[in-house]
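# Survey of secondary and tertiary structure
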Amino acid sequence: MVTLALFNKSPSLIEALRNVEDCPVCLLCKEDLEYFYRWYFNEYYNDTTWIAKILDSMGFCSKHSWDLIRKGKDHEMSLVYEYLVKSTIVKLERVSEELKKLELNKSRIRKVINNKHLKEIKKQLQPIEVCPICKSISERTTTWIENLLMDLKDQEIKELYLDSYGLCMNHFNLALESAPPEAVETLIQKQTEVLRKINSDLEEYSRKRDYRYAHEPKGEEQTAWIRAIKFFVGKEL
Ligand SMILES: [Zn+2]
Ligand SMILES: [Zn+2]
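Residue numbers restart at each chain and count upward from 1, following the sequence in its written direction. Key to labels: chains lettered from A, ligands numbered from 1, both in the order written. Reporting in this predicted model follows two pLDDT cut-offs: at least 70 for local features of residues, and 80 or more for side-chain atom pairs to be given and counted; totals over whole chains, interfaces and linings ignore these cut-offs and use all residues. For side-chain calculations, the full set of non-hydrogen atoms in the structure is used, while hydrogens and water are omitted.

### As for the overall build of the protein chain
Quick note on the threshold: Secondary structure counts use DSSP, requiring at least four H or I residues in a row for a helix and at least two E residues in a row for a strand, with both numbered from the N terminus. Throughout, the radius of gyration refers to the C-alpha atoms, and the reference size of a globule is 2.2 Å times the residue count to the power 0.38.
Secondary structure summary: the protein chain contains 11 helices and zero strands in total. The secondary structure elements of the protein chain, listed N-terminal to C-terminal, are α-α-α-α-α-α-α-α-α-α-α. Expected size for 237 residues packed as a compact globule is a radius of gyration near 18 Å; at 25 Å, the protein chain overshoots this value by more than 25%. Principal-axis analysis of the C-alpha atoms places the extent of the protein chain at approximately 75 × 45 × 40 Å.

In structure tokens, the structure reads:
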């Protein structure tokens, strides 16, 4: 089965930690995603396994669908979506046929049975899998977080981590779930430092909104709100 794991050509965790502009896990997953898109369009979009995945998830999630539209892959996506559209028409026709078979009867018991059947029939139109890109990103995220937690046992990496951007809150919360006690301490220490800095910038922004200080030159506090949002949500993946 093809997953993002096969495209593990991303820069190492160390490199990602040295980049102080973004969450290292976000950076690594973004790299993985770019590799994935390249490989998917080069070889896998018409592979039967991948077509089956797309049918199970009934396409990609909203975010990744718009990513694909922006990429302008007209030939590739025409082929993939022809499969999906055809498969959905078949499902709709099947559901319509099954609905016709439901006995129309006013009795209470019949109504209860019909409602149960109706639920099952309609289920056929629902996706049975999540977006395959989201799924792969989630798998890669788990791997990178495991790597980070393992590497944090090393004093040098720990120092590098404390000097890094830190994890976005999304990845921080995921990391906390499986972090051993020593790592929890490091993670919390870093998170607190970053949030304190953002907090002081946000306070500075508010202060300069006051007419008494509004004449003061504007600085990095002007973009503190963007940094705050970014820190909570991470990179767009
Ligand atoms: Zn992140
Ligand atoms: Zn997705």
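The rest of the description comes next.
### Overview of the layout of surface pockets
Put simply, the test is: Only protein atoms enter the 1 Å grid used here. Points where a 1.4 Å probe fits but cannot escape make up a cavity, open sets with protein on both sides within 12 Å along at least five of seven lines make up a pocket, and a residue lines them when an atom lies within 4 Å of a point. Grid points are joined across faces, edges and corners, and a volume is the space filled by probe spheres set on the points.
In this structure, the largest pocket encloses a volume near 250 Å³. Every residue along the wall of the largest pocket is listed here: Val20, Glu21, Tyr165, Val194, Lys197, Ile198, Ile226, Arg227, Lys230 and Phe231. Those elements that place two or more of their residues in the lining of the largest pocket are α10 (181-209) and α11 (224-233). Considering each element in turn, the lining of the largest pocket owes the most residues, four residues, to α11.

### Structural notes on the coordination of the zinc ion (ligand 1)
Rules: Metal donors were taken as nitrogen, oxygen and sulfur atoms no farther than 2.8 Å from the ion, or 3.2 Å where the ion is Na, K or Ca. Water is excluded, so coordination may look unfinished. Only four donors with every angle between 85 and 135 degrees are called tetrahedral; only four or six donors with opposite donors over 155 degrees apart and all others between 65 and 115 are called square planar or octahedral, in that order; all others are irregular. Throughout this description, buried means an accessible area under 20% of the type-specific maximum (1.4 Å probe, protein chains only), exposed means over 50%, and partly exposed covers the range between.
Every protein donor of the zinc ion (ligand 1) is listed here as Cys23 (SG), Cys26 (SG), Cys168 (SG) and His171 (ND1), and their distances to the metal cover 2.0 to 2.3 Å. For the zinc ion (ligand 1), the four donor atoms in the first shell make angles of 100 to 118° at the metal, so the coordination geometry reads as tetrahedral. All donor residues of the zinc ion (ligand 1) come from one chain, and their arrangement in sequence is C-x2-C-x141-C-x2-H. By the burial criterion, Cys23 is buried, and Cys26 matches it.

### What to know about a nonpolar patch on the surface
The condition that has to hold: Only residues whose relative accessible area exceeds 30% and that form no salt bridge are eligible for patches; like-charged ones are grouped when within 9 Å, while nonpolar side chains (Val, Leu, Ile, Met, Phe, Trp, Tyr) are grouped when within 5 Å. The accessible surface values rely on the Shrake-Rupley method and a 1.4 Å probe; as for residues, cover is taken only from the protein chains in view. For this analysis, a salt bridge means a side-chain nitrogen from Lys or Arg found within 4 Å of a carboxyl oxygen belonging to Asp or Glu.
A cluster of nonpolar side chains, namely Leu202, Trp225, Ile226, Ile229, Phe232 and Val233, defines an oily patch on the protein surface of about 570 Å² accessible area. Top element by residues in the nonpolar patch is α11. It accounts for five residues.

### A closer look at the nonpolar core
Looking at soluble globular proteins, one finds that nonpolar side chains tend to be buried together. Threshold: Here, nonpolar core refers to any group of buried Ala, Val, Leu, Ile, Met, Phe, Trp, Tyr and Cys residues whose side-chain atoms link them within 4.5 Å. Only heavy atoms enter the contact rule, under which two residues are in contact if any of them lie within 4.5 Å.
One finds Tyr40, Phe60, Ile133, Leu149, Leu167 and Leu187 to be the most contacted residues of the largest nonpolar core, which totals 48 residues. The element best represented in this core is helix α2 (residues 24-44), accounting for 11 residues. Excluding residues within four positions of it along the chain, Leu187 makes contact with Leu149, Leu152, Tyr161, Leu167, Phe172, Ala175, Leu176 and Ala179.

### What to know about the packing of α10 against α11
Note the cut-off: The axes are straight lines fitted to the C-alpha atoms, using for helices just the contacting stretch, and the angles between their N-to-C directions are given from 0 to 180°. Roughly parallel refers to an angle under 35 degrees, roughly antiparallel to one over 145, roughly perpendicular to one between 65 and 115, and oblique to any angle outside these ranges. In this scheme the handedness of a crossing depends on how the near helix is turned from the far one: anticlockwise by less than a right angle means left-handed, clockwise means right-handed.
Contact geometry for α10 and α11: axes closest at 9 Å, N-to-C directions at 155°. When the axis of α10 is compared with that of α11, the two are roughly antiparallel. Remark: the crossing between α10 and α11 carries left-handed chirality. In contact with Gln191, Val194, Leu195, Ile198, Asp201 and Leu202 of α10, α11 contributes Ala224, Trp225, Arg227, Ala228, Phe231 and Phe232.

### Focus on the coordination of the zinc ion (ligand 2)
By definition of the ideal shapes, four donors in a tetrahedron about a metal sit 109.5 degrees apart, and six donors in an octahedron sit 90 or 180 degrees apart. Protein coordination at the zinc ion (ligand 2): the donors are Cys61 (SG), His64 (ND1), Cys131 (SG) and Cys134 (SG), at 2.0 to 2.3 Å from the metal. Each donor residue of the zinc ion (ligand 2) lies on one chain, and together they are spaced C-x2-H-x66-C-x2-C. One end of the pair, Cys61, is in the loop between α3 (48-57) and α4 (62-71); the other, Cys134, is in helix α7 (residues 132-151), and 73 residues separate them in sequence. Looking at Cys134, the relative accessible area reads 30%, which means it is partly exposed.

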